[in-house]
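Fold and geometry: a report
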Amino acid sequence: MNLDGVGIWSSPLRYGDAGEAADAAAELDELGFTALWIPDVGGPVLDAVANLLGATKRAVIATGILNMWMHEPADVAAAHARFADEFGPRFLLGLGISHAPLIDATEAGRYRKPLATTKAFLDGLDAAPQPVPAEARVLAALGPKMLALAAERTRGAHPYLVTPDHTAIAREALGAGPLVAPEQTAIFAADREEARAIGTKWLTGYLAMPNYANNLRRLGFTEDDLTTVSDRLFDALIVWGDEAAILKRIDEHRTAGADHVCVQVLQADHRGFPREQWRRLAASLKS
């Protein structure tokens, strides 16, 4: 399973039209991106994984993340085994505990003991008739306890909505061996006004989630940064500009200890496939 280089994190690959997603995935594979990451907030995420695996030849297909509250470990392990038989070792199971406001919205008080719940899910994967190997799974880890669990029980960590400073923290916590694969949001924009028009509302939704807000506080951002979505916070979490600006941020993550950086390209239509921007990014990575 090759996880060097740069991957693409994309919601449209998960929730967009399946045929267009397959076509886009095939092109991303040809462009040289080593992994394609998709989210999960419920629904048939494993069907989407199968769709993307079938459309690609080399790229790893990764969940970023599979929501542990919405799946059973035995079902996930069985799907992993099917994918391995059909496509080889190209499915990376990214697991995450999600956020209390999302999980409790349908059942108040359900979200509790996130660390223990994660350990129990991993136990279930290990106890399945065809277990998911530790090297085929990662955790969406932000804080020290989840980072330690990622190092102990999985291939590594997939931190989302983070800065290169957090990547350095994750690398120190995990040590030299495990995978550190941060997500980095990027906007191709001519100026701050254009970038803000695309990214501010999108970022505000994430800042309402306690796990992300608490992690940003640990990184030194203030309540004012969070409530106003300050330029300081916006620029730290979303790189904007041209190809050179985006490559610089990718290099900052690598210098901080990232093995693999998955870039999420935002555009004005968040539901559309930013295929031209993906092509620009791929060309710049090869130049």
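Below is a short write-up of the structure. Note that the structure is a prediction, hence the values are computed from the model and not measured.

Rules behind the numbers
Residues numbered from 1 in each chain as written. Predicted model: local features only at pLDDT ≥ 70, side-chain atom pairs only at ≥ 80, totals over all residues. Heavy atoms only, no water. Helix = DSSP H or I, 4+ residues; strand = E, 2+ residues; numbered from the N terminus. Buried < 20%, exposed > 50% of the residue type's maximum accessible area, 1.4 Å probe, protein only. Contact = heavy atoms within 4.5 Å. Polar contact = N/O pair within 3.5 Å; in protein donor to acceptor, adjacent residues only side chain to side chain. Phe/Tyr/Trp six-rings, centres within 6.5 Å; stacked < 30°, edge-to-face > 60°.

Comments concerning the environment of Thr185
In this structure, Thr185 sits in strand 9 (residues 183-188). The exposure class of Thr185 is buried, given its relative accessible area of 0%. Separated by 175 residues in the primary sequence, Thr185 and Ser10 have C-alpha atoms spaced 10 Å apart. In contact with Thr185, other than residues within four places in its own chain, are Trp202, Leu237, Ile238, Val239, Gln264 and Leu266. Only 2.5 Å separates the side chain of Thr185 from the side chain of Glu183, close enough to count as a polar contact.

What to know about the side chain of His158
Mapped onto the elements of the fold, His158 is located in the loop between strand 7 (156-157) and helix 8 (164-174). For His158, a relative accessible area of 1% puts it in the buried group. A polar contact of 2.8 Å, which involves the side chain of His158, links it to the backbone oxygen of Ala181. In this structure, His158 is in contact with Trp9, Trp37, Gly64, Ile65, Val138, Leu139, Ala140, Ala141, Ala181, Glu183 and Cys262, ignoring residues within four places of it in sequence.

Some words on the packing of aromatic side chains
Aromatic rings in a pair are described by how distant their centres are and how their planes are angled relative to each other. Following the criterion strictly, the structure yields six aromatic pairs and no others. Ring centres of Trp202 and Tyr206 lie 4.8 Å apart, and the angle between their planes is 65 degrees; this geometry places the pair in the edge-to-face category. Taken together, the positions of Trp202 and Tyr206, both in helix 9 (residues 192-207) and four residues apart, correspond to about one turn of that helix. Residue Trp202 is classed as buried on the basis of its relative accessible area of 14%. Taking 5.6 Å as the distance between ring centres and 75 degrees as the angle between the ring planes, the aromatic pair formed by Tyr206 and Tyr212 counts as edge-to-face. Chaining the aromatic ring pairs together yields one cluster made of Trp9, Tyr160, Trp202, Tyr206 and Tyr212.

Things to note about unusual backbone geometry
Each neighbour pair has its own omega, and for Gly64 with Ile65 the value is 20 degrees, a cis peptide bond. Note that Ile65 resides in the loop between strand 3 (60-63) and strand 4 (66-67). Not every positive phi belongs to a glycine, and Lys113 is a case in point at roughly 45 degrees. Residue position: Lys113 is located in the loop between helix 5 (100-103) and helix 6 (114-127). Even without being a glycine, Leu161 presents a positive backbone phi close to 60 degrees. Structurally, Leu161 is set in the loop between strand 7 and helix 8.

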